[in-house]
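# Chain and residue survey
Given next are the chains, with one letter for each unit.
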Amino acid sequence: MSAPLLHVDQVGKRFGGFVALDSVNLDVAEGERVGLIGPNGSGKSTLVNCICGTLRNETGDVIFAGQNINTLNTHERTHRGLARSFQLPRPFMSLSVAENIRVPLLYTVNARGGHHLHGSELDDRCVELLKLVALDKKANKLPRDLTQVEMRKLELARAVAAEPKLLIADESMAGLSHSEVEDIVALLIRLNQRGITIIMIEHIMSAVMTFSQRLVVLVSGKKIADGKPDEVIKDQEVVGAYLGQ
Amino acid sequence: MRTPLFIICEVVVATVLYLLFRHYGNDYFFFAGYTVLQFVVMATAWNILGGYCGYVNFGSAGFFAIGAYSSVFFYTVGQNVQDMDPGFLTSVLHVIFPIPVPILIVFGGAFAGLVGLGTGYLTLRLRGVFFAIATLALAVVIETLIVNWEYVGGSRGAYIIPPNTVPVFGPYIQYLFVLMLVMVIVGLTAARLIERSRLGYGFATIRDDELAAEASGVPTLKLKLIATVLSGALMGMAGSTFPFYLGFTEPGSVFDLSYAVNSIAMPMIGGTTSWVGPLIGAILLGTMQQVATVTISSVANLLIVGLMLIGFVIVAPNGIVGLWQDWIAKRSKS
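Residues numbered from 1 in each chain as written. Chains lettered and ligands numbered in written order. Predicted model: local features only at pLDDT ≥ 70, side-chain atom pairs only at ≥ 80, totals over all residues. Heavy atoms only, no water.

## A word on the overall build of chain A
Regarding its fold elements, chain A presents nine helices and ten strands. Taken over the C-alpha trace, chain A has a radius of gyration of 18 Å; the compact-globule value for 245 residues is 18 Å, and the two agree within 12%. Taken over 245 residues, chain A has a buried fraction of 53%. Taking as baseline every contact in chain A between residues at least 6 positions apart, the subset at least 24 positions apart corresponds to 65%. Of the roughly 10600 Å² of accessible surface on chain A, 50% is carried by carbon and sulfur atoms. Within chain A, one finds 28 positive and 29 negative side-chain charges whose respective centroids are separated by 3 Å. (Helix = DSSP H or I, 4+ residues; strand = E, 2+ residues; numbered from the N terminus. Rg over C-alpha atoms; globule rule 2.2 N^0.38 Å. Buried < 20%, exposed > 50% of the residue type's maximum accessible area, 1.4 Å probe, protein only. Contact = heavy atoms within 4.5 Å. Areas by Shrake-Rupley, 256 points an atom, 1.4 Å probe, with all protein chains shown as cover. Lys, Arg positive; Asp, Glu negative; His and termini not counted. Charge placed at Lys NZ, Arg CZ, Asp CG, Glu CD.)

Rendered as structure tokens:
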């Protein structure tokens, strides 16, 4: 069996006396679609922040593509192929929709060496990415002119523009209607079919079940389940964590 | 407009301005014009860090003073060399000193840029009001060092006696005016280049959301250091001719509160997201202050700045450029 793309090994994180992550292990294989669920405060976002470098894990290691990335900054991890979207969309408000996409192309894709994108190539890549999320007609708009679902799509498109090996989508569907949720799930599956490994953090179970090939459950900073979605949601410990003992 | 054409336009405007002043004006026009141009450089420099990156610098006077006092230092060394007994070393020094003012401008920019780099390393992990306070503290630290450095005059100040005339230019103030025009061209060209470059996008992402910028692959700390160096260097360059302009340099005048206030107010009033904003703000405020100085009183200057700043923050928080952009957007919609 080949080495996993992401290997989270005994990762721990505390905030004062509060244990946010307690020796969490997680392996994600290349091309996989993994759902990460857990009640509020279970440590999902903290785990994402530790994987992406926004927070530094106090114990354990984060191994990505065979290399320990514990000491790397967030932008260095993005350069290595680890991208994320945020729970609350964080577009660059003073830049147009197309310019938001241009930033990772300039700073990540062009920073990797190899072929540098210039002029019309950059524009074409922006249009291609915006078409992927159906925002091409709003390329010149500012983010403040977008709807909530469009903002979510922009967030995902910006992460995808960095040409990641692994994309972590942190609650990309929060606050969206049923049809909008289906829209985003379909988009994430399309991205996965393009070769991007995806970890999706979500509370909307219908979306999680449609999307995930594997389901991981965190409760109180500990991983309590990891397996096929159908089996995991029947796990007594998981049911207890969600519905109460 | 392409950069070479932009520079040609700048040179043409600068030449026309110089010739108009020379033909129709007197030396006062050059004195007043120098101050306005100095503010254009200061405002442009401030805007690189404060406007493009969103890091408010209250220590403009500190960087300006480094430029000014580097000139005072080299001028003093030059004076001492002249008094030395002849010898091999002094004959070499006689060739080097006195250092021409354009070289002093480069030195002033380099020293201030270095201090900018150091400041960046020490303070750029701070954000918002904490960063602003740290830069203010930096200016106070530099002022304390200068006040206690006797070689450059300490608290007493230092005299620099420039020649009355310079070949080609005539009166010395005209020479300084032209040097400041060149600095304006350098500053505006640099700001415009940054704005339209990869660096400009990076700065904008830092201003908008640093966390999202990092997640998009932007090396935020490195870019902020570049911004502090560029901003500091330009401020230092603006300060390096100041001792020759005044003839007497003392901490009270170089570290004057008005430099910090004007450096912030001018881009805020003009608009911080574009190179045009600081230019408009500096010309508008600088000219008004010069008019107020001769018609009302020199103490009315800061009052005017303060009132205009309050007015713009309420009515047009994005400055004159923002007002213009909003008007264009409304017009295109209707």
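## Considering the overall build of chain B
On a plain count of helices and strands, chain B comes out with 16 helices and four strands. Over its C-alpha atoms chain B spans a radius of gyration of 20 Å, differing by no more than 12% from the 20 Å that the globule rule assigns to 334 residues. Taken along its principal axes, the extent of the C-alpha atoms in chain B is 75 × 50 × 40 Å. Burial analysis of chain B (334 residues in total) assigns 53% to the buried set. For chain B, restricting intrachain contacts to residue pairs at least 6 apart in sequence, the fraction spanning at least 24 positions comes to 78%.

## Describing empty space enclosed by the protein
Under the counting rule described, the total for this entry stands at three cavities of 30 Å³ or more. As for the largest cavity, its lining consists of A:Ala83, A:Arg84, A:Ser85, A:Phe86, A:Glu155, A:Arg158, A:Ala159, A:Ala162, B:Ala212, B:Ala215 and B:Ser216. Going through the elements one at a time, strand S6 (82–85) and helix H5 (148–161) of chain A together with helix H9 (210–215) of chain B are the ones with two or more residues in the lining of the largest cavity. Looking at side-chain class alone, the lining of the largest cavity contains six nonpolar, two polar and three charged residues. Considered as a void within the structure, the second largest cavity measures approximately 40 Å³ in volume. Every residue lining the second largest cavity is listed: B:Leu49, B:Asn57, B:Phe63, B:Thr119, B:Phe131, B:Thr135, B:Thr228, B:Ser231 and B:Gly232. Elements represented by at least two residues in the lining of the second largest cavity include exactly helix H6 (128–147) and helix H10 (220–240) of chain B. The dominant element in the lining of the second largest cavity, judged by the number of residues it contributes, is H10(B), at three residues. (1 Å grid on protein atoms, 1.4 Å probe; cavity = no way out; pocket = protein on both sides within 12 Å on 5 of 7 lines; lining within 4 Å. Points joined across faces, edges and corners; volume = space filled by probe spheres on them. Nonpolar A, V, L, I, M, F, W, Y, C, P; charged D, E, K, R; others polar.)

## Some thoughts on the interface of chain B and chain A
With 19 residues of chain B in contact, the opposing surface of chain A contributes 21 residues. Across the chain B to chain A interface the summed buried area is about 1900 Å²; carbon plus sulfur atoms make up 62%. At the junction of chain B and chain A, the tally comes to one salt bridge. A salt bridge links B:Asp209 to A:Arg90; its shortest N-O distance comes to 2.7 Å. (Buried area = accessible area lost by both parts, 1.4 Å probe. Salt bridge = Lys/Arg side-chain N within 4 Å of Asp/Glu carboxyl O.)

## Looking at the sheet that holds strand S2 (residues 18–28) of chain A
All names here are of chain A. The strand order across the open sheet formed by four strands is S2-S1-S4-S5, and the pairing between neighbours is antiparallel. Of all the strands in the sheet, just S2 and strand S5 (67–68) have a single pairing partner and so form its edges. In terms of strand pairing, strand S4 (residues 59–64) meets S5 through two bridges, oriented antiparallel. Considered in S5, the bridge of Phe64 is made with Gln67. Lying on the sheet, helix H1 (residues 44–52) is in contact with strand S1 (6–15), S2 and S4; it crosses S1 at an angle near 115°. (Pairing = 2+ DSSP bridges. Axes fitted to C-alpha atoms, helices over the stretch in contact; angles between N-to-C directions.)

## Here's the deal with the layout of surface pockets
Its volume calculated, the largest pocket comes out at about 1600 Å³. Along the walls of the largest pocket sit 45 residues, with A:Ser94, A:Leu95, A:Leu142, B:Thr273 and B:Gln325 positioned nearest its centre. When residues of the lining of the largest pocket are traced back to their parent elements, those giving at least two are helix H3 (97–109) of chain A together with helix H2 (27–50), helix H8 (198–208), helix H14 (276–295), helix H15 (300–315) and helix H16 (319–333) of chain B. Of the residues forming the lining of the largest pocket, the biggest block, nine residues, is contributed by H16(B). Taken as a whole, the second largest pocket spans an internal volume of roughly 610 Å³.

## Brief notes about the packing of aromatic side chains
When we look at a pair of aromatic rings, we describe it by the centre distance and by the angle of the planes. The final tally for this structure, using the stated rule, is 25 aromatic pairs over all chains. Taking the centre distance of 5.6 Å and the plane angle of 50° together, the rings of B:Phe31 and B:Tyr245 count as tilted. Residue B:Phe31 is found in helix H2, and its partner B:Tyr245 is found in helix H11 (residues 242–246); the two are separated by 214 residues along the sequence. One aromatic cluster is present, built from ring pairs that chain together B:Phe31, B:Tyr34, B:Phe39, B:Phe64, B:Phe242, B:Tyr245 and B:Tyr259. Sitting above the plane of the A:Phe211 ring, A:Arg33 keeps its charged end 5.6 Å from the centroid. One residue, A:Arg90, lies across the ring of A:Phe86, its end atom 5.2 Å from the ring centre. (Phe/Tyr/Trp six-rings, centres within 6.5 Å; stacked < 30°, edge-to-face > 60°. Lys NZ or Arg CZ within 6 Å of the ring centre and 35° of its normal.)

## Let's talk about the sheet that holds strand S9 (residues 214–219) of chain A
All names here are of chain A. Strand order in the open sheet formed by six strands is S6-S7-S8-S3-S9-S10, and the pairing between neighbours is mixed. Every other strand in the sheet has two partners, leaving S6 and strand S10 (222–227) as the edge strands with one partner each. Shown here is a sheet whose adjacent strand axes are inclined to one another by a mean of 20°, direction ignored. Here S9 runs beside S10; their pairing, made up of five bridges, is antiparallel. The residue of S10 that forms the bridge with Val219 is Lys222.

## Some words on the environment of A:Met205
Along the chain, A:Met205 falls in helix H7 (residues 205–211). Between the C-alpha atom of A:Met205 and that of A:Gly35, which follows or precedes it by 170 residues, the distance is 9.8 Å.

## Description of the packing of helix H3 (residues 60–83) of chain B against helix H13 (residues 257–270) of chain B
All names here are of chain B. H13 packs onto H3 with a crossing angle of 115° between their chain directions and a minimal axis gap of 8 Å. Both H3 and H13 take part in a crossing whose hand is right-handed. Contacts from Ser60, Ala61 and Phe64 in H3 reach Tyr259, Ala260 and Ser263 in H13. Tallied by class, the residues present in the contact of H3 with H13 amount to four nonpolar, two polar and no charged. (Left-handed = near helix turned anticlockwise from the far one by under 90°.)

## Things to note about the pairing of strand S7 (residues 166–170) of chain A
All names here are of chain A. Within S7, five of the five residues are buried, leaving the element largely enclosed by the surrounding structure. Burial of S7 is two-sided: the residues Leu166, Ile168 and Asp170 facing one way and the residues Leu167 and Ala169 facing the other way are all buried. Note: S6 against S7, four bridges, orientation parallel. Opposite Ser85, over in S7, you have Ala169 as the bridge partner. Bridge count for S7 against strand S8 (residues 197–201) is five bridges, and the pairing is parallel. Along S8, the bridge assignment pairs Leu167 with Ile198.

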